[in-house]
Amino acid sequence: MMDPMNQQLAPDGRLRHLLTLDGLPRTALEALLDRAQAIVDGGIAGAPLAGQAVCTLFFEPSTRTRMSFQRAAQRLGADVLAFDASTSSTTKGETALDTLRNIEAMGVRGFVVRHAADGAVAALAAAAGPGTALVNAGDGRSAHPTQGLLDMLTLRQAKGCDLSALKVVIVGDIRHSRVARSDLHALRTLGAGEIRVCAPAALLPRDTTLEGCVVFDDLDAALEGVDAVMMLRLQRERMEEGLVPSLEGYHRDYGLTASRLRRARADAVVLHPGPMNRGVEIDDAVADGPQSLILRQVANGVAVRAAVLEALLA
Ligand code: CP
């Protein structure tokens, strides 16, 4: 399969698809963040995508990503086609590629795709027609680039654009998390000062994902003095049996409670991509507390996704 990084940039550096943050140049990443911040501050002038259509092609469930892409496309003036896998002809065996090609034949050029298989969105992008742009809205454990971007936008708003003095910890099910992979690529590209990860050994990835990270298995130690805590959902749907012996035990050792959070800096912020397992990886008092930016992340998701659709289709 073609390298998603080479596939997503045209020879002149223009973004053709957004498939991964792995290797995306810092200038391209910062341009998307700057545009998203401008949308947060000033909205979108006119309807830059008037006359165009965007299809949200989700083969896995979603609330935040799908709806914020739809909201973003509407704000840009595009028509939105919401594909529902459960009532589609995929239930009769139609492949994802045939589905895409048929919707392309209706004149749709923008696709936001979520799929359970690693690399599925890049494979669809490689087979799509010229002029069609795909955004990876999460594929398997590989990548969730717009989540990575909205997390970076949220961190920049809270801590400033220079992340070089920041200590950030990512906590939880890193092994199964496409969010963690995209966040780690983005944090490295933006030059975050210290990137910590914390998880039980069974939930750590066994590839190169953690290059350059400081790895902890003790959450209390990992939280000491950090500026930002990025919690992850325990992804039970992607897990073999027995990786986490009990939810109670996981909460005891890796759940973010208000008292644990006191080990971080007093002005530390807490992020979580959602959906949350309340009482498992995060307590209500933290999720709904003064240091939580979780709903700010969701709001930023609309602006980030508008910036991405605009860059690809306007
Ligand atoms: N964060 C995220 O991807 O949420 P959804 O699965 O609801 O889209």
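Data block above holds the structure.
The present account deals with the structure reproduced in this document. Since we're looking at a predicted model, the values are computed, not measured.

Quick word on the sheet that holds strand E2 (residues 79-84)
Alright, step 1. Taking strand neighbours across the sheet as the criterion, the four strands line up as E2-E1-E3-E4 in an open arrangement whose pairing is parallel. Two strands lie at the open edges of the sheet, namely E2 and strand E4 (133-139), each paired on one side alone. Strand-to-strand twist of the sheet, defined as the mean angle between neighbouring strand axes without regard to direction, takes the value 15 degrees.
Alright, step 2. Taken strand by strand, helix H3 (residues 64-75) contacts strand E1 (53-58), E2, strand E3 (110-115) and E4, and its axis lies near 175 degrees from that of E1.
Alright, step 3. This element, helix H12 (residues 294-313), spans E1, E3 and E4 of the sheet and lies at about 145 degrees to E4.

Some words on the side chain of threonine 209
Alright, step 1. Counting through the fold element by element, threonine 209 comes out in the loop between strand E6 (194-198) and strand E7 (214-216).
Alright, step 2. A relative accessible area of 9% places threonine 209 in the buried class.
Alright, step 3. Setting aside residues up to four positions removed in sequence, threonine 209 forms contacts with Arg181, Leu184 and Arg188.

Digging into unusual backbone geometry
Alright, step 1. A cis amide bond, omega -5 degrees, links glycine 274 with the succeeding residue proline 275.
Alright, step 2. With respect to the helices and strands, the residue proline 275 is situated in the loop between strand E9 (269-271) and helix H11 (284-287).

Comments concerning the pattern of salt bridges
Alright, step 1. As enumerated under the stated definition, the model contains 16 salt bridges in all.
Alright, step 2. When the shortest N-O distance is used, the salt bridge between arginine 260 and aspartate 220 registers 3.0 Å. Taken together, the positions of arginine 260 in helix H10 (residues 258-261) and aspartate 220 in helix H8 (residues 219-223) put the pair 40 residues apart, joining distant regions of the chain.
Alright, step 3. On the accessibility criterion, arginine 260 (14% relative accessible area) is buried.
Alright, step 4. In this structure, aspartate 267 and arginine 265 form a salt bridge, with 3.1 Å as the shortest nitrogen-oxygen distance.

Considerations on the environment of leucine 163
Alright, step 1. Tracing the backbone shows leucine 163 in the loop between helix H6 (145-159) and strand E5 (167-171).
Alright, step 2. Exposure remark for leucine 163: the relative accessible area of 1% places this residue in the buried category.
Alright, step 3. Here the alpha-carbon distance between leucine 163 and leucine 33, two residues 130 residues apart in the chain, equals 14 Å.

Looking at the nonpolar core
Alright, step 1. Residues Leu149, Met152, Ile170, Ile174, Leu187, Val229 and Leu309 are the most contacted members of the largest nonpolar core, which totals 89 residues.
Alright, step 2. It is H12 that contributes the most residues to this core, 10 residues altogether.
Alright, step 3. For leucine 149, the contacting residues outside a window of four places in its chain are Leu18, Leu21, Leu29, Leu32, Leu33, Val304 and Val308.
Alright, step 4. Ala85, Phe111, Val121 and Ala128 belong to the second largest nonpolar core, which has 18 residues in total.

Some remarks on the pairing of E1
Alright, step 1. Burial within E1 is extensive, with six of its six residues counted as buried.
Alright, step 2. Of the two faces of E1, the one holding Ala53, Cys55 and Leu57 and the one holding Val54, Thr56 and Phe58 are both buried throughout.
Alright, step 3. For E1 and E2, the ladder comprises six bridges, and the chain directions are parallel. What sits directly across from alanine 53, in E2, is aspartate 79.
Alright, step 4. In terms of handedness, the path from E1 via H3 over to E2 forms a crossover that is right-handed.
Alright, step 5. In the sheet, E1 pairs with E3 via five bridges, with the strands oriented parallel. By the bridge assignment for E3, valine 54 is matched with glycine 110.

Digging into the site of the ligand
Alright, step 1. Around the ligand, a shell composed of Ser62, Thr63, Arg64, Thr65, Arg114, His144, Gln147, Pro273 and Gly274 is seen.
Alright, step 2. Within the side chain of arginine 64, one N or O atom sits 2.9 Å away from an oxygen atom of the ligand.
Alright, step 3. Histidine 144 is positioned such that a nitrogen or oxygen atom in its side chain is 2.9 Å from an oxygen atom of the ligand.
Alright, step 4. Coverage of the ligand by the protein chains reaches 92% of its 250 Å² of free accessible surface.

Observations regarding the sheet that holds strand E8 (residues 228-231)
Alright, step 1. Strand order across the open sheet formed by five strands is E7-E6-E5-E8-E9, with parallel pairing between neighbours. What marks the edges here is a single partner per strand, and that holds for E7 and E9. With strand direction ignored, the average angle separating the axes of adjacent strands in the sheet is 20 degrees.
Alright, step 2. Relative to E6, E5 runs parallel, the two sharing five bridges. Directly across from valine 169, in E6, lies its bridge partner arginine 196.

Regarding the packing of H6 against helix H7 (residues 178-189)
Alright, step 1. Between H6 and H7, the shortest axis-to-axis distance is 8 Å and the interhelical angle comes to 55 degrees. In terms of their interaxial angle, H6 and H7 are classed as oblique. As H6 packs across H7, the resulting crossing turns out to be right-handed. Of H7, the residues touching H6 (which contributes Pro145, Gln147, Gly148, Asp151, Met152 and Leu155) are Val179, Ser182, Asp183, Ala186 and Leu187.
Alright, step 2. Among the residues making up the contact of H6 with H7, the classes are represented as six nonpolar, three polar and two charged.

What counts and how
- Throughout, residues of each chain are indexed from 1 in the direction in which the sequence is written.
- Where totals are concerned, whole chains, interfaces and linings use all residues; where local detail is concerned, this predicted model gives features only for residues with pLDDT of at least 70, and gives and counts side-chain atom pairs only at 80 or more.
- Side-chain metrics in this entry use all non-hydrogen atoms of the structure; hydrogen atoms and water are not considered.
- Paired strands, as defined in this entry, are two strands with at least two bridges between them according to DSSP.
- Numbered from the N terminus, helices here are DSSP runs of H or I no shorter than four residues, and strands are runs of E no shorter than two.
- Note on method: axes are straight lines fitted to C-alpha atoms, helices fitted across the in-contact stretch only, with angles between N-to-C directions ranging 0 to 180 degrees.
- By definition, residues are in contact when any of their heavy atoms lie within 4.5 Å.
- Classification of residues uses two cut-offs on accessible area relative to the type maximum, computed with a 1.4 Å probe and protein chains only: under 20% is buried, over 50% is exposed, and between them is partly exposed.
- Salt bridge, as used here, is a side-chain nitrogen of Lys or Arg placed within 4 Å of a carboxyl oxygen of Asp or Glu.
- Think of a nonpolar core as a cluster: buried Ala, Val, Leu, Ile, Met, Phe, Trp, Tyr and Cys residues, connected wherever their side-chain atoms sit within 4.5 Å.
- Throughout, right-handed denotes a crossover for which the path from the first strand over the helix to the second runs clockwise when the strands point away from the viewer.
- Near, as used in this document, describes a residue that has one of its heavy atoms within 4 Å of the molecule or strand being considered.
- As used in this structure description, the phrase polar contact means that two N or O atoms lie within 3.5 Å; if the pair is within protein, one of them must be able to donate a hydrogen and the other to accept it, and residues adjacent in sequence are counted only when both atoms belong to side chains.
- Surface accessibility in these figures is a Shrake-Rupley result with a 1.4 Å probe; residues are shielded only by whichever protein chains are displayed.
- In this scheme, roughly parallel covers angles under 35 degrees and roughly antiparallel covers those over 145, while 65 to 115 is roughly perpendicular and the rest are oblique.
- Definitions for this section: a left-handed crossing has its near helix turned counterclockwise from the far helix by less than a right angle. A right-handed crossing has that turn clockwise.
- Under the scheme applied here, ten amino acids are nonpolar (Ala, Val, Leu, Ile, Met, Phe, Trp, Tyr, Cys and Pro), four are charged (Asp, Glu, Lys and Arg), and all others, including Gly, are polar.

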